[in-house]
There are 2 protein chains.
Amino acid sequence: MSVHQCPHAGKTSCMRPTSLQVESLINQAEQLCEQRQQRFTALRRRVLTLICQAESPMGAYQLLEFLQGDGRSAAPPTIYRALDFLMAQGLIHRLASNNTYLACAHPQQDHEAVFLVCQHCGQTQEIHTDGITHSVQEKASRYKFKVLHTSVEVAGLCAKCSPGFNPPSAGGLA
Amino acid sequence: MSVHQCPHAGKTSCMRPTSLQVESLINQAEQLCEQRQQRFTALRRRVLTLICQAESPMGAYQLLEFLQGDGRSAAPPTIYRALDFLMAQGLIHRLASNNTYLACAHPQQDHEAVFLVCQHCGQTQEIHTDGITHSVQEKASRYKFKVLHTSVEVAGLCAKCSPGFNPPSAGGLA
DNA sequence: AATGTTATGTTATAATATAACATAATATGA
DNA sequence: TCATATTATGTTATATTATAACATAACATT
Ligand SMILES: [Zn+2]
Ligand SMILES: [Zn+2]
Ligand SMILES: [Zn+2]
Ligand SMILES: [Zn+2]
């Protein structure tokens, strides 16, 4: 049994996964859909691939342009239906703060996630943290509020885009 | 010196403030704007009043309808400019998860907030919790991510809309 | 093949938000 | 007060994001 090595795990900032890593994510999605008796169609595969290959989260109409570039006939419902499916399967997430979609870093398990969204370069890191989830739960319970879904989106600057960052390979001085 | 009693403070669920409480919020807004040498115009006052009076967060076009009902000439930019101003002054918040706007419960101080959004009735409670803010900060710093703004929106069911709720005045049995 | 189901194509439109430029109201200084 | 600058609002058009409704195609099951 080959365990999938998540391209996001253990990295300081999210890099575009290699084509091998994308392939691995797609294979994983295919397996999940098969287990759930859901159809992982060519269109859905294509959309997930585009999202996985992207440097940062993509908008629906951006993705739509790629589909149209394929020669395929594609209108807004085409992309939104694919996105809805992928979200329902937990393969992608939607960022409400900027209306974009990104691949889930850990589609295996159901989870709440926190997103660190760089305002400069757009790169977005999905992190999982029980601490935040528990804080929310605890606070909500004091208000007798039943939590169904928590959205945490953190806007800021990633390591690369923070002032004072020097790329390691540049030597750091001049 | 009369201290403003926030209509949200200490409540289990957010109720529409009384007209006296709305008035108090508006007066407070007026003072804040005066301190900052910002113009609290009739339009801005009207929009803030509408938002304060609302039972739950309101959409921009909903608010726009009210302005038009006033007999006033109003187009989308009218409402969006007012909303932008009120947000810049920290008098209202925008919920990204459902594109709505609500009055800030504590416009005095700059703060990060958590919103408990009831999916059934729409009522939304703003709460302030250092615990969540600190968890986010701590997690982000591990990724060398500089936090600028944190959005936490919790979807679920408020006390009233949770299954099994009986209004206190009904006696609780039959 | 006949049938039911799911997915996709297609057209139109809804909902949310902004650009660009004109006019009006307000503030500031002579 | 008047001229001037600044800020706010009016107005028209358009951009962006998303869904409704119905037709056709692909797939599954018998
Ligand atoms: Zn995820
Ligand atoms: Zn960045
Ligand atoms: Zn607030
Ligand atoms: Zn409720």
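These lines cover the structure that appears in this document, whether it is placed above or below. (Residues numbered from 1 in each chain as written. Chains lettered and ligands numbered in written order. Predicted model: local features only at pLDDT ≥ 70, side-chain atom pairs only at ≥ 80, totals over all residues. Heavy atoms only, no water.)

1. Regarding the sheet that holds strand E5 (residues 146-157) of chain B
- Here we have six strands laid out as an open sheet, ordered E4(A)-E3(A)-E5(A)-E5(B)-E3(B)-E4(B), and mixed in their pairing. In this open sheet, the two strands that pair with only one neighbour each are strand E4 (124-127) of chain A together with strand E4 (124-127) of chain B. The mean angle between the axes of side-by-side strands here comes to 20°, regardless of whether they run parallel or antiparallel.
- Relative to E5 of chain B, strand E3 (residues 114-118) of chain B is paired through five bridges, and the arrangement is parallel. Across the sheet, the residue bridging to Cys118 of chain B is Gly156 of chain B, located in E5 of chain B.
- Contacts from helix H5 (residues 130-142) of chain B reach strand E3 (114-118), E4 and strand E5 (146-157) of chain A together with E3 and E5 of chain B within the one sheet, and its direction differs from that of E5 of chain B by about 130°. (Pairing = 2+ DSSP bridges. Helix = DSSP H or I, 4+ residues; strand = E, 2+ residues; numbered from the N terminus. Axes fitted to C-alpha atoms, helices over the stretch in contact; angles between N-to-C directions. Contact = heavy atoms within 4.5 Å.)

2. A closer look at the protein's contact with DNA strand C
- Taken together, 19 residues are adjacent to DNA strand C, and Thr41, Ser73 and Arg81 of chain A together with Tyr61 and Arg94 of chain B come closest.
- The contact atoms of DNA strand C, taken as those within 4 Å of the protein, divide so that sugar and phosphate hold 52%.
- In the environment of DNA strand C, a phosphate oxygen lies 3.1 Å from a nitrogen or oxygen atom belonging to the side chain of Arg44 of chain A.
- For the surface near DNA strand C, the secondary-structure elements that each account for two or more residues are helix H2 (42-53) and helix H4 (76-88) of chain A together with helix H4 (76-88) of chain B.
- If one sorts the elements of the surface near DNA strand C by residue count, H4 of chain B sits on top with four residues.
- Among the residues making up the surface near DNA strand C, the classes are represented as eight nonpolar, four polar and seven charged. (Near = heavy atom within 4 Å. Polar contact = N/O pair within 3.5 Å; in protein donor to acceptor, adjacent residues only side chain to side chain. Nonpolar A, V, L, I, M, F, W, Y, C, P; charged D, E, K, R; others polar.)

3. Observations regarding the protein's contact with DNA strand D
- In the vicinity of DNA strand D, 19 residues are found, and the nearest of them are Tyr61 and Arg94 of chain A together with Thr41, Ser73 and Arg81 of chain B.
- Close to the protein, within 4 Å, the atoms of DNA strand D belong to sugar or phosphate groups at a rate of 53%.
- Within the side chain of Tyr61 of chain A, one N or O atom sits 2.5 Å away from a base nitrogen of DNA strand D.
- The side chain of Arg94 of chain A places a nitrogen or oxygen atom 2.3 Å from a phosphate oxygen of DNA strand D.
- At the level of secondary structure, the elements contributing two or more residues to the surface near DNA strand D comprise H4 of chain A together with helix H2 (42-53) and H4 of chain B.
- Per element, the largest residue contribution to the surface near DNA strand D is four residues, and it comes from H4 of chain A.

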